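# Analysis of the macromolecular model
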Amino acid sequence: MGLEKYESKQQQILKPVSRIYPFISRFDMLTPALQDKVEEWQADEDSCSFKVKGFTVRLRIVERVENKHIKITSDDATGAVPIDFSFWIQLHEVSDMDTRIRLVLHAELNMMMRMMIGSKIQGGLDKAVEGLAMAFNQMP
């Protein structure tokens, strides 16, 4: 087993970091955006759960640095999800109306999992960060 690191491309959001951080630092703030997109979405401030392809995924925010990043880990007591992982949502304010966002994932993958899903993880991170940036850019 090896710890793999995957980084999304950086996306630009034409908003100040102070408008973005409150949404990404609380799972319950994401409910309006996600409840229709995933099955059985449930969230409070620090944790959330949802179903993907029959698996229940539980996430927990374990670290917040205001206007800089949040760190999220898998919070799975049942062992239903076969991957141990953590990821960061990183924000970098270039100027008042230019914030850059990036997702960084650290996952404990065996060789088989790496071969099966390694390339999909990269694509998924890039799609996720594009979706986040698009949603924030459309925000009033």
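Look up a bit, the structure's there.
Rules and cut-offs
- Residues numbered from 1 in each chain as written.
- Predicted model: local features only at pLDDT ≥ 70, side-chain atom pairs only at ≥ 80, totals over all residues.
- Heavy atoms only, no water.
- Phe/Tyr/Trp six-rings, centres within 6.5 Å; stacked < 30°, edge-to-face > 60°.
- Helix = DSSP H or I, 4+ residues; strand = E, 2+ residues; numbered from the N terminus.
- Buried < 20%, exposed > 50% of the residue type's maximum accessible area, 1.4 Å probe, protein only.
- Arc of directions from axis to C-beta.
- Contact = heavy atoms within 4.5 Å.
- Expected span 1.5 Å × (residues − 1).
- Bend = angle between axes of the 7 residues up to and from the residue.
- Polar contact = N/O pair within 3.5 Å; in protein donor to acceptor, adjacent residues only side chain to side chain.
- Core = buried A, V, L, I, M, F, W, Y, C linked by side-chain atoms within 4.5 Å.
- Pairing = 2+ DSSP bridges.

One pass over the full model with this rule turns up 2 aromatic pairs. Consider the rings of Phe 23 and Phe 136, whose centres lie 6.1 Å apart with planes at 65°: the pair is edge-to-face. Of the two residues, Phe 23 sits in helix 1 (residues 17-24) while Phe 136 sits in helix 3 (residues 111-138), which places them 113 residues apart along the sequence. Overall, the relative accessible area of 24% leaves Phe 23 in the partly exposed class.

Val 17, Ile 20, Tyr 21 and Ile 24 are the residues of helix 1 that are buried. An end-on view of helix 1 places all buried positions within 100° of arc, on one side of the element. Buried-residue contacts for helix 1 involve strand 2 (11-13), strand 5 (55-65), strand 6 (69-74), strand 7 (84-95), strand 8 (98-109) and helix 3.

What follows concerns helix 3. Spanning 28 residues, helix 3 covers 40 Å between terminal C-alpha atoms, matching the ideal 40 Å at 1.5 Å per step. Where helix 3 bends most, the angle comes to about 50°, and this point is Ile 117. For helix 3, the elements touching its buried residues are strand 1 (2-7), strand 2, helix 1 and strand 8. Put simply, Asn 110 is the residue that caps the front of helix 3, since its side-chain oxygen is 3.2 Å from the backbone nitrogen of Met 112.

Ile 24, Leu 59, Ile 72, Ile 89 and Leu 105 are the most contacted members of the largest nonpolar core, which has 33 residues in total. Counting residues per element, the ones that place at least two in this core are helix 1, strand 4 (47-52), strand 5, strand 6, strand 7, strand 8 and helix 3. It is helix 3 that provides the largest number of residues to this core, a total of 6 residues. Excluding anything up to four places from it in sequence, Leu 105 contacts Glu 4, Lys 5, Tyr 6, Phe 85, Ser 86, Phe 87, Ile 121 and Leu 125.

Bridging between strand 1 and strand 8 involves 6 bridges; their strand directions are antiparallel. Residue pairing in the sheet places Lys 5 in a bridge with His 106 of strand 8. Sheet topology places strand 2 next to strand 8; 3 bridges connect them, and they run antiparallel. Each residue of the ladder has a partner; that of Gln 11, found in strand 8, is Ile 101. In this sheet, strand 8 lies alongside strand 7 in antiparallel orientation, the contact comprising 11 bridges. Opposite Ser 86, over in strand 8, you have His 106 as the bridge partner. Taken together, strand 7 and the strand that follows it, strand 8, pair antiparallel across an intervening segment of 2 residues.

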